[in-house]
Amino acid sequence: MSLKIPEISIVVPIYNEAESIKKLHSEIADVCVAENYVFEIIFVDDGSRDNTSETVKSLKPIKYIQFKKNFGQTAAIDAGIKAAQYEYIVTMDGDGQNDPKDIPNLLEYIRGNDVDAVSGWRKNRKDPFLKKIVSRGANFLRGLLIKDGIHDSGCSLKIYKKECFDQINLFGEMHRFIPALLKIKGFRIGEIIVNHRHRDAGQTKYNWKRTIKGFLDMISVWFWNKYAGRPLHLLGGLGVVLFIAGILTTIVGIYFSLVGNDLFKNILPLIAVSLYLSSLQLFIFGLISDVILKNYYATTKQTQYTIRNVFKTNID
């Protein structure tokens, strides 16, 4: 392990968490000072409507990024990561359920092992029963589709080497799938068990809408993992399947006509033509998608959020 003093950026997305962020900030700062880290604490306000802004601006040290409106947790994490300046980036929730005392364990693991990121595993979760069930179902599907090797990808408490995000922009609800995105790009992922605490203040921001969005993003990650560099293989492959189905339908139609059935009164020719046209469309869409994705890889630099201002204080 390197003897160099660790330099870390702690990124915390917050939304209407005025009651919990002062305590959380104090806990983070206490851990970092006790461990003699060079550190910065970045709070990204995702359009809070309470007095979060006033509370955060009273904290030291702090780098405060305030969105113009609510863009979502993923956008907030992305903004915080892009604002981070140190070698290691820690992400955690702003509700106080992640324990800052786990930061040294995450840092020790990433520095002592051949990995680029370490994900927390909330093995003993302090969430309502229904939320646990939904989470387990999502983890099961993620294991089938993505296979990132992580027990609890939804845990926000993670640590990354800054280089992990040199070519990654986060959208939608993608923060849950960062380990999978990194693994797709060849980064090595580790995992350790972390503490999970009860929420002491504020209200949960999770609802059925986020669950649906998360599932759709899971499908997106699956697509990127399997076909991001070759969409023609997926769409063209489906086109081939439909084309073969069209040939079989044509053969059946010809057979019926040979045994005396009136082909013009049969629906099989219409089905065959539809299958041929659909296969051609899928093949063309595959070619177009292939061109679009190549242009995306070559040119994209955009984000899905806008920042109102950046506020920073230092230790006196």
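What you see is a predicted model, and the numbers here were worked out from it, not measured in a lab.

### Side note on the environment of Ala-79
- Here Ala-79 is to be found in helix α3 (residues 73-83).
- Look at Ala-79 and you get buried, because its relative accessible area is 3%.
- Placed 91 residues apart in sequence, Ala-79 and Leu-170 show a C-alpha to C-alpha distance of 9.2 Å.

### A short note on the packing of aromatic side chains
- Following the criterion strictly, the structure yields three aromatic pairs and no others.
- Here the aromatic rings of Phe-67 and Phe-71 are separated by 5.5 Å at their centres, their planes lie at 85°, and the arrangement is edge-to-face.
- By relative accessible area, which is 1% here, Phe-67 ends up buried.
- With 5.4 Å between their ring centres and 55° between their planes, Phe-243 and Tyr-276 make a pair best called tilted. Taken as a pair, Phe-243 in helix α8 (residues 231-258) and Tyr-276 in helix α9 (residues 268-299) lie far apart in primary sequence, 33 residues in all.
- On the basis of relative accessibility, which here comes to 41%, the residue Phe-243 falls in the partly exposed class.
- Lys-69 extends its terminal NZ or CZ atom over the ring of Phe-71, reaching a point 4.4 Å from the ring centre.

### With respect to helix α4 (residues 103-112)
- Residues of α4 that are buried include every one of Ile-103, Pro-104, Leu-106, Leu-107, Ile-110 and Arg-111, and no others. All buried residues of α4 fall inside an arc of 160° around its axis, so they share one side.
- Each element contacted by the buried residues of α4 is listed here: β1 (7-14), α1 (21-34), β4 (88-91), β5 (117-121), β6 (158-161) and β7 (189-193).

### Quick word on α1
- Spanning 14 residues, α1 covers 20 Å between terminal C-alpha atoms, matching the ideal 20 Å at 1.5 Å per step.
- Where α1 is concerned, the buried positions are Ile-21, Leu-24, His-25, Ile-28, Ala-29, Val-31 and Cys-32. The arc enclosing the buried residues of α1, seen along the axis, measures out at 160°, which places them on a common side. Projecting away from the buried face of α1 at angles above 90 degrees are the exposed residues Lys-22, Asp-30, Val-33 and Ala-34.
- Of the surrounding elements, those touching the buried residues of α1 are β1, β2 (38-45), α2 (52-56), β3 (62-67) and α4.

### Comments concerning the pairing of β3
- The element β3 is extensively covered by neighbouring structure, given that six of its six residues are classed as buried.
- Across four bridges, β2 lies against β3 in parallel orientation. Counted as the bridge partner of Phe-43 is Tyr-64 from β3.

### Quick word on the side chain of Thr-74
- You can see Thr-74 is positioned in helix α3.
- Here Thr-74 falls in the buried class, since its relative accessible area comes to 0%.
- Separated by 2.7 Å, the side chains of Thr-74 and His-175 make a polar contact.

### Some remarks on unusual backbone geometry
- Note that the residue after Lys-60, namely Pro-61, is joined by a cis bond; omega there is -5°.
- Here Pro-61 is to be found in the loop between α2 and β3.
- One non-glycine residue, Asn-36, lies in the positive phi region at around 65°.
- Locating Asn-36 in the fold gives a position in the loop between α1 and β2.

### Looking at the pattern of salt bridges
- Summed over all chains, the structure comprises nine salt bridges.
- Linking Glu-27 and Arg-197 is a salt bridge whose minimum nitrogen-to-oxygen distance equals 2.9 Å. In this pair, Glu-27 sits in helix α1 while Arg-197 sits in the loop between β7 and α7 (208-227), placing the two residues 170 residues apart along the sequence.
- Asp-114 is paired through a salt bridge with Arg-188; the nearest N and O atoms lie 2.8 Å apart. Of this pair, Asp-114 sits in the loop between α4 and β5 while Arg-188 sits in the loop between α6 (178-184) and β7; the two residues are 74 residues apart in sequence, bridging distant segments of the chain.
- Where salt bridges share partners, they join Asp-114, Asp-116, Lys-161 and Arg-188 into one cluster.

Cut-offs applied
- Residues numbered from 1 in each chain as written.
- Predicted model: local features only at pLDDT ≥ 70, side-chain atom pairs only at ≥ 80, totals over all residues.
- Heavy atoms only, no water.
- Helix = DSSP H or I, 4+ residues; strand = E, 2+ residues; numbered from the N terminus.
- Buried < 20%, exposed > 50% of the residue type's maximum accessible area, 1.4 Å probe, protein only.
- Phe/Tyr/Trp six-rings, centres within 6.5 Å; stacked < 30°, edge-to-face > 60°.
- Lys NZ or Arg CZ within 6 Å of the ring centre and 35° of its normal.
- Arc of directions from axis to C-beta.
- Contact = heavy atoms within 4.5 Å.
- Expected span 1.5 Å × (residues − 1).
- Pairing = 2+ DSSP bridges.
- Polar contact = N/O pair within 3.5 Å; in protein donor to acceptor, adjacent residues only side chain to side chain.
- Salt bridge = Lys/Arg side-chain N within 4 Å of Asp/Glu carboxyl O.

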